[in-house]
Amino acid sequence: PALSPTIQSAIYVIDGQTGTEMANYPMSAGFINDVIVTREAAYFTDSFLPRFYVVPLAQAGGLPDASEIQTVPLGGDFQSAPGFNSNGIEATPNGKWLLIVNASTGLLYRVQPDSGIAQEIDLGGALLDGGDGILLDGMTLYVVRQGAITVVELNPDFLSGSLVDTIAIPNAVS
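Residues numbered from 1 in each chain as written. Predicted model: local features only at pLDDT ≥ 70, side-chain atom pairs only at ≥ 80, totals over all residues. Heavy atoms only, no water.

### Concerning the overall build of the chain
- What the chain contains, in helices and strands, is zero helices and 15 strands.
- In terms of overall size, the chain behaves like a compact globule, its C-alpha atoms giving a radius of gyration of 17 Å where 174 residues would be expected to give roughly 16 Å.
- Projected onto its principal axes, the C-alpha positions of the chain cover 50 × 40 × 35 Å.
- The proportion of buried residues among the 174 residues of the chain is 40%.
- Here the contacts in the chain between residues at least 6 apart in sequence split such that 35% fall between residues at least 24 apart. (Helix = DSSP H or I, 4+ residues; strand = E, 2+ residues; numbered from the N terminus. Rg over C-alpha atoms; globule rule 2.2 N^0.38 Å. Buried < 20%, exposed > 50% of the residue type's maximum accessible area, 1.4 Å probe, protein only. Contact = heavy atoms within 4.5 Å.)

So this is what it looks like as structure tokens:
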């Protein structure tokens, strides 16, 4: 009989100075992809399933028990498609919103961290297909895509924005 492979994801906490694994939190099947760390929590995307994980951070730097990790379903406007979905993730400076790019649909979302309710960010019809890692600097969002970095200027409400530049990545593999 043929065996179906199961993807087992885990969240690893690594000491940044020594490289030592400090904790390992096994998660159910999925594909944990990107992370953003805020003052309150670390948020991890799942590229196969419409959800993200929240690892609360203790004030004294202690690590949470596995039972404290939350799985938050993505809802609202979020659309899944075949292939990779939630990929890059970023937090707004005040921590009120998460920004998540869907690599398959090319849509960008503003997400409530506690409920997972997603609102599509209107980019005037532009898509960020293949969007991977993202970085927010002020109101400028940099989106790593296949062979380039797309630059998006976001409005203060994080509900709309426009593509303003594409920076080619020399010698990038597409």
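From this point, the discussion proceeds with the structure in view.
### Some details on the nonpolar core
- Residues Tyr-43, Phe-52, Leu-98 and Val-111 are the most contacted members of the largest nonpolar core, which totals 16 residues.
- Listing elements by their share of this core, those giving two or more residues are strand E4 (41-46), strand E5 (51-56), strand E8 (86-91), strand E9 (98-102) and strand E10 (108-111).
- Listed in part, the 14 residues of the second largest apolar core include Leu-99, Ile-121, Leu-123 and Val-143. (Core = buried A, V, L, I, M, F, W, Y, C linked by side-chain atoms within 4.5 Å.)

### Describing the pattern of salt bridges
- Scanning the model with the defined rule gives two salt bridges in all.
- Residue Arg-51 is joined to Asp-46 by a salt bridge in which the shortest nitrogen-to-oxygen separation is 2.9 Å.
- What makes Asp-46 buried here is its relative accessible area of 0%.
- With a closest N to O distance of 2.9 Å, Asp-129 and Arg-145 form a salt bridge. Note that Asp-129 is positioned in the loop between strand E11 (117-120) and strand E12 (134-137) and Arg-145 in strand E13 (residues 140-145), a separation of 16 residues in sequence.
- For Asp-129, a relative accessible area of 40% translates into the label partly exposed. (Salt bridge = Lys/Arg side-chain N within 4 Å of Asp/Glu carboxyl O.)

Coordinates in, geometry out; function isn't part of it.
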